[in-house]
Amino acid sequence: MRFLSLFSLIAALIVSGCVTDPVTGERKAAKAGLGAGIGAAVGAGIGAIAGKRKATLIGAGVGALAGAGVGAYMDAQEKKLREELADTGVRVIREGDRIFLSMPSAITFETDSAALQPAFYAVLNDVAGILKDYEKTYIDVAGHTDSTGSDQYNMQLSLQRAGAVSAYLESNGILPARLLTRGYGESLPVADNGTPQGRQANRRVEIGLTPVTA
């Protein structure tokens, strides 16, 4: 029941981030609600298992943040990410005390593949370095696809891509307890799947950073 409730909440958030095209009747992502929808979905997932993750991290010596220190910590991390990832193609998105890194398919994976592109290693090395410096965060890695192919196939591919990113971060010294990997398939588009440009934008991996709070 717990996981059914979580699924229902995330589904509702996904729907709330969409609008209906008055001409075609197609459901599309509402640009104004994208950050809120994705952020709330990731936050809901964290909430379901936060206790276990937090206990593991505290046990590993990772301290928790409290009060005004939360915002200041995330501000500093955001600044560093923007500096290091400028001109890489990675979007740094801030929503409240959470930070999202959106990594498009143009720099991450070849079409229909979960193998990291060699040029993406340098970007992930920079990300891993910053995440090690700012260890008081949960790291959620989410894979997304366009609407081409079946729902089942897209869900599997998105999870494999997110898993490849998580594995690389772990191999670069990120604590496994900080990482949570998810595949969302085609369910959270950021653009219109009816165009090649839109489909390319929807094929992406996102990293969500949430502070570990007291």
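What counts and what doesn't
- Every residue gets a number counted from 1 within its own chain, in the order that chain's sequence is written.
- Since the coordinates come from a predicted model, pLDDT governs what is reported: local features require at least 70, and pairs of side-chain atoms require 80 or more to be given and counted, while whole-chain, interface and lining totals use all residues.
- With hydrogens and water set aside, each side-chain value is computed from the structure's full complement of heavy atoms.
- Salt bridge, as used here: a side-chain nitrogen of Lys or Arg that lies within 4 Å of a carboxyl oxygen of Asp or Glu.
- Put simply, DSSP H or I for four residues or longer makes a helix, DSSP E for two residues or longer makes a strand, and each gets a number counted from the N terminus.
- Burial classes: relative accessible area under 20% of the type maximum marks a residue as buried, over 50% as exposed, and values in between as partly exposed (1.4 Å probe, protein chains only).
- In plain words, nonpolar cores are sets of buried Ala, Val, Leu, Ile, Met, Phe, Trp, Tyr and Cys residues tied together by side-chain atoms within 4.5 Å.
- By the convention used here, residues are in contact when the closest approach between their heavy atoms is within 4.5 Å.
- For two strands to be treated as a pair, DSSP must find at least two bridges joining them.
- Throughout, an axis means a line fitted to C-alpha atoms (over the contacting stretch in the case of helices), and angles, computed between N-to-C directions, take values from 0 to 180 degrees.

(A) Looking closely at the pattern of salt bridges. Taken as a whole, this structure holds eight salt bridges when the rule is applied. Residues Arg94 and Asp75 are paired through a salt bridge, measuring 3.0 Å at the closest nitrogen-oxygen approach. Of this pair, Arg94 sits in strand β3 (residues 91-95) while Asp75 is found in helix α3 (residues 68-85), placing the two residues 19 residues apart along the sequence. A salt bridge links Glu84 to Lys80; the shortest N-O distance between them is 3.6 Å. Of this pair, Glu84 and Lys80 both sit in helix α3, separated by four residues, roughly a single helical turn. Of the residues examined, Glu84 reaches a relative accessible area of 33% and is grouped as partly exposed. Beyond isolated ion pairs, a larger network of salt bridges with shared partners links Asp75, Glu78, Arg82 and Arg94.

(B) Quick peek at the nonpolar core. Grouped together as the largest cluster of nonpolar side chains are 33 residues, with contacts concentrated most on Leu101, Val141, Val165, Leu169 and Ile207. Those elements giving two or more residues to this core turn out to be α3, β4 (98-104), α5 (120-133), β5 (137-144), α6 (151-171) and β7 (204-211). Per-element accounting of this core gives the leading share, seven residues, to α5. When sequence neighbours within four positions are dropped, the list of residues in contact with Val165 reads Phe109, Leu116, Phe120, Leu124, Val141, Val205 and Ile207.

(C) Inspection of the pairing of β7 at higher detail. Here β7 lies mainly inside the structure; eight of its eight residues are buried. Alternating residues of β7 divide into Arg204, Glu206, Gly208 and Thr210 and Val205, Ile207, Leu209 and Pro211, and every residue in both groups is buried. Pairing between β4 and β7: six bridges, direction antiparallel. Across the sheet, the residue bridging to Ile99 is Leu209, located in β7. With eight bridges connecting them, β5 and β7 associate as antiparallel partners. Bridging from a neighbouring strand, Asp140 pairs with Gly208 of β7.

(D) Up close: the sheet that holds β7. With mixed pairing, the five strands of this open sheet are ordered in space as β3-β4-β7-β5-β6. A strand with exactly one partner marks an edge of an open sheet, and here the two such strands are β3 and β6 (179-183). With direction set aside, neighbouring strand axes in the sheet form an average angle of 20 degrees. For β5 and β6, the ladder comprises five bridges, and the chain directions are parallel. Looking at the pairing, Asp140 lines up with Leu180 of β6.

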